[in-house]
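Results of the structural survey
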Amino acid sequence: MRKASITRSTNETDISLTINLDGTGDYSIDTGIGFLDHMIDQLSRHSLIDMIIKAKGDLHIDAHHTAEDVGIALGQAFKQALGDKKGITRYADVHLPMDEAMTRAAVDVSGRPFLVWDVSFTRDKVGDFDTELFQEFFQAFAQNAGITLHIANLYGTNNHHIAETCFKAVARALRMAVEVDPRQADRVPSTKGTLNG
């Protein structure tokens, strides 16, 4: 089983996190930020990656440190759980519809971190969560997971739906990318022989 546990403690946040890449999408998420919890619920459920996340952050300031640090810890756990990446599918892309909104996500579990974020919101907040922090979360996740991640909202008018399609699209792409391809056997899916960057 490809599992990992991470603890991260700073002057701004205290995070404990466990994931199982070969799970069923079970989750228990408590970041202290309701809308972020809801989005990470979607990420777990639709990727089939089990996630237990407990985070306490300096929410009396704002949600920035907590959102970013949860992304960092989740990325670190993802990278650790993947190990040498032998046998994985590696690449995946998804178009994810939700009512009037459509988002495309593409991932390369490459060992080379990069985020392309082509998503715009018409409001500064969804619920009590700053919409600019969605990019911060995914940037932190991609950087620490060592993946190339492209997220583009193609259209949509409801900001909740736009955000949710981003998380669900990434979830489905990650689900496919980390699946073991039986034709790969014990090979790393790269002509270099490594996916460590």
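Description of the structure in this document. The structure presented is a predicted model; accordingly, all values stated were derived computationally and were not measured.

This part takes up the sheet that holds strand β7 (residues 114-118). In spatial order, the strands read β5-β6-β10-β7; together these four strands make up an open sheet with mixed pairing. Only two strands of the sheet have a single partner each, and these edge strands are β5 (91-98) and β7. Neighbour-to-neighbour, the strand axes of the sheet open up by a mean angle of 10°, direction not taken into account. Bridge count for strand β6 (residues 101-108) against strand β10 (residues 148-155) is seven bridges, and the pairing is antiparallel. Residue R104 lies in a different strand from β10, and its bridge partner there is A152. Strands in contact with helix α3 (residues 132-145) are β7 and β10; relative to β7, the strand with the most contacts, it is inclined by about 160°. Lying over the sheet, helix α4 (residues 159-178) contacts β5, β6, β7 and β10, oriented at roughly 150° with respect to β5.

Note that D26 resides in the loop between β2 (13-20) and β3 (27-30). For the pair D26 and I52, spaced 26 residues apart in sequence, the C-alpha to C-alpha distance is 8.3 Å. Excluding residues that lie within four positions of it along the chain, D26 makes contacts with S44, I49, D50 and M51. Only 3.4 Å separates the side chain of D26 from the side chain of T24, close enough to count as a polar contact.

Here the focus is the pattern of salt bridges. Oppositely charged side chains can pair when the atoms bearing their charge come close. For the structure on display, the rule yields nine salt bridges. The partner of D108 in a salt bridge is R90, with the nearest N and O atoms 2.6 Å apart. One end of the pair, D108, is in strand β6; the other, R90, is in the loop between α2 (64-82) and β5, and 18 residues separate them in sequence. Using a relative accessible area of 9% as the deciding quantity, one classes D108 as buried. In this structure, the salt-bridge partner of E164 is K168, at a minimum N-O distance of 3.0 Å. Of the two residues, E164 and K168 both sit in helix α4, four residues apart, roughly one turn of that helix. The pair formed by E164 and K168 is uniform in burial state, with each residue classed as buried. Overlapping salt bridges bring together R90, D108 and R112 as one network.

For L48, which is not a glycine, the phi torsion comes out positive at approximately 65°. Within the secondary structure layout, L48 lies in the loop between α1 (34-47) and β4 (50-57). Of the residues examined, L48 reaches a relative accessible area of 23% and is grouped as partly exposed. Notably, R90 is not glycine yet its phi reads approximately 85°, a positive angle. Overall, the relative accessible area of 7% leaves R90 in the buried class.

Cut-offs used in this document
- Residues numbered from 1 in each chain as written.
- Predicted model: local features only at pLDDT ≥ 70, side-chain atom pairs only at ≥ 80, totals over all residues.
- Heavy atoms only, no water.
- Pairing = 2+ DSSP bridges.
- Helix = DSSP H or I, 4+ residues; strand = E, 2+ residues; numbered from the N terminus.
- Axes fitted to C-alpha atoms, helices over the stretch in contact; angles between N-to-C directions.
- Contact = heavy atoms within 4.5 Å.
- Polar contact = N/O pair within 3.5 Å; in protein donor to acceptor, adjacent residues only side chain to side chain.
- Salt bridge = Lys/Arg side-chain N within 4 Å of Asp/Glu carboxyl O.
- Buried < 20%, exposed > 50% of the residue type's maximum accessible area, 1.4 Å probe, protein only.

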